[in-house]
Every structure is written in structure tokens, then in C-alpha cells.
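Per-entry structural report
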Amino acid sequence: MVHYVELLSDAYLVCMSHALSTEKEEVMGLLMGELMDNKLMCIISAYAMRRSDKQADRVEISPEQLSAAAIEAERLTVKLGRPVRVVGWYHSHPHITVWPSHVDVGTQADYQMMDPNFIGLIFSCFNEADKKQRVQVICFQSIATNSEPRYEHIQLPLRVLPTPRATVGAVCLEALTHLPQILLEEEKEVYTKSQENQKDLLALVHNSGVYSQSLTHMLQVVATPLMQTMERELEANRITLEELRRKKEKLLETLQQLDSSS
Ligand SMILES: [Zn+2]
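Within each chain, residues carry numbers counting from 1 in the order of the written sequence. The predicted origin of the model limits local features to residues at a pLDDT of at least 70 and limits the giving and counting of side-chain atom pairs to 80 or more, whereas totals for whole chains, interfaces and linings rest on all residues.

**Considering the pairing of strand 7 (residues 151-156)**
On a regular strand, each side chain points to the face opposite its neighbour's, so the side chains alternate between the two faces of the sheet. What counts is decided by this rule: In short, DSSP must find at least two bridges between two strands for them to pair. Each helix is a run of H or I in the DSSP string that is no shorter than four residues. Each strand is a run of E no shorter than two, and both are numbered from the N terminus.
For strand 6 (residues 136-144) and strand 7, the ladder comprises six bridges, and the chain directions are antiparallel. When the sheet's bridge partners are listed, Gln141 is paired in strand 7 with Ile154. The turn linking strand 6 back onto strand 7 is made up of six residues.

**Some details on the domain arrangement of the protein chain**
This is how the line gets drawn: In this entry, domain limits derive from an automatic or database-based domain assignment. For this scheme, ten residues count as nonpolar: Ala, Val, Leu, Ile, Met, Phe, Trp, Tyr, Cys and Pro. Four count as charged, namely Asp, Glu, Lys and Arg, and the remainder, Gly too, count as polar.
Assigned domains of the protein chain: these are domain 1 (4-161) and domain 2 (165-261). Computed from C-alpha atoms alone, the centre-to-centre distance between domain 1 and domain 2 is 22 Å. Listing elements by their share of the side of domain 1 that touches domain 2, those giving two or more residues are helix 1 (9-19), strand 3 (40-49) and helix 2 (63-80). For the side of domain 1 that touches domain 2, the element with the most residues is helix 1, which contributes six residues. Per-class residue counts for the side of domain 1 that touches domain 2 are nine nonpolar, four polar and three charged.

**Quick word on the nonpolar core**
Within soluble globular proteins, side chains that are nonpolar generally end up buried alongside one another. Selection rule: By our criterion, buried Ala, Val, Leu, Ile, Met, Phe, Trp, Tyr and Cys residues that link up through C-beta atoms within 7 Å make up a nonpolar core. Put simply, a residue is buried when 20 or more other C-beta atoms lie within 10 Å of its own C-beta and exposed when 12 or fewer do; between those, it is partly exposed, and each C-beta is set from the backbone. Working definition of a contact: two residues with C-beta atoms, positioned from the backbone, lying within 7 Å.
Judged by nonpolar contacts, the single largest core of 45 residues is most densely connected at Ala11, Cys15, Leu31, Met32, Ile43, Ala46 and Leu121. Apart from the residues lying within four places of it in its own chain, the contact partners of Ala11 are Ile43, Ile44, Ser45, Ala46 and Cys172.

**Topic: the pairing of strand 3**
Most of strand 3 is tucked away: eight of the 10 residues are buried. Of the pairings in the sheet, the one linking strand 1 (residues 4-8) to strand 3 comprises four bridges and is parallel in character. Residue pairing for strand 3: Tyr4 is matched across the bridge by Leu40. Here strand 2 (residues 28-36) runs beside strand 3; their pairing, made up of nine bridges, is antiparallel. Residue pairing in the sheet places Leu30 in a bridge with Tyr47 of strand 3.

Written as C-alpha cells, this is what we have:
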């Protein structure tokens, strides 16, 4: 039984980058982590999913995507030497409050049938109700009720845990680079579908135009800022590396002096 949830700050960065990639539709993904002492759910990475159904309030995971995520969890288990599993899902609420809809509570209940410890995160962003550009996140689970509606949500305490030296770990770095790729595939899928059996020349040209516009938008709001963040991260790592090298040299010098004086 999960009592509380910890989300590593770099995993939070992955979810947030995904949630902020579009204000038009909800985005979703799966959470990778480990249940500790049967009460603390520790989320170490997130896996962005391609939307199979691009409707405003519908987020669904296809079986193929679920199995891809399970394979990814197995890979992380080997890489990190700890039992990583798919432990939950996240989705965004652009322009609306953070609270789960009845569809969300139902979806969550379905997941909990397969795994009682499965958790859900919701990120609310682009909410105009408050003018502060505030981002809100909650963690929830569903519980059965005796009356209609059959399920309601309960909130779980969520803590965002800083990573050492506020860096992005290797696992989340991979998840971040996976993000533009997923968004690209989504756009490509929609475009390919729109061109199928399309005979009208104007429509063909129009669809291509929309496609290039979406790709440019993705480059502008996701890929480029991501690259800039990575470059800054690289620079910070270079400085740390240089500092550590200097420290090492100093320590070796002290060691030599101690050796020669003894
Ligand atoms: Zn929702």
C-alpha cells in the first residue's frame, strides 16, 4: 500500500517538459520507479507516450506502448542495479484545474485492478484562472465507493526530491532526449493519416503546411530549449570536472609531501 510518493527532481523535469510542450491537448506518459518498504513510492524517471487518441479529455495507452515501457523498465533495472518497474502514469491538464476528472478516476481504477500500488500524477499548466502562470501537480489513487459514482479519488502526499548537485541523471537525460522523438512521431502519424486517400490537391498542400508548422513549433518550444538546457548542463559539468581535477592534483601533492617527509 502506497503511503507517500517521492518524485526525483530530474524526473519532474521530464514530466514538466512534456506537459509544457503543448497547450492544445493533454499529454501522457508512464512513471518508472520502485516501491520501497511497501509504503514509499520512489519515481526515478518518466517515459513519454505517444497519444493514440488525440481527443481533448482522453488519454489512453495502447498495449504496444505498455509493453515498450515494461521493456524500458527492465533495461533500467539492469542499468541501475535496482528493481525498476512501471509504477504509475502521468498526464497534463492544460487550461484546467489539477483535479482528476471522472474519466481519470475511472482510468486510474482500471490500472489499480492490475496493480493496487499504481499511482497517477496530474500536471495542470497554462491555467488562465490564476494569472501567475502557476503549475500544479497532484498525486492520486482511486477508491471504490458504495454509491454512484463508483469511484472517487484520494490524494497522496507528494514530495519533489532534489537530485545531487541539482543535475540531470543519465536515465532522465535519455528520457528527455526521447521526448522530441515521441512528439515528432505523433505529428508524423497524424500527417500520414491525413494524406491517405486524399485526392484534393489543395487539401494535400494544406496538410503539408500544417505538418511543417507543427514541426517548427515543436523545434521552437521543445527541442531548442532542451538543447540549450543540455549545453548549460554540459558547461556546468565541465567546470565541476575541472574543479575535481584540481582538487585531485592538490591531494596528490600533499600525499607526496607527506611521503617524502616521513
Ligand atoms: Zn485528466
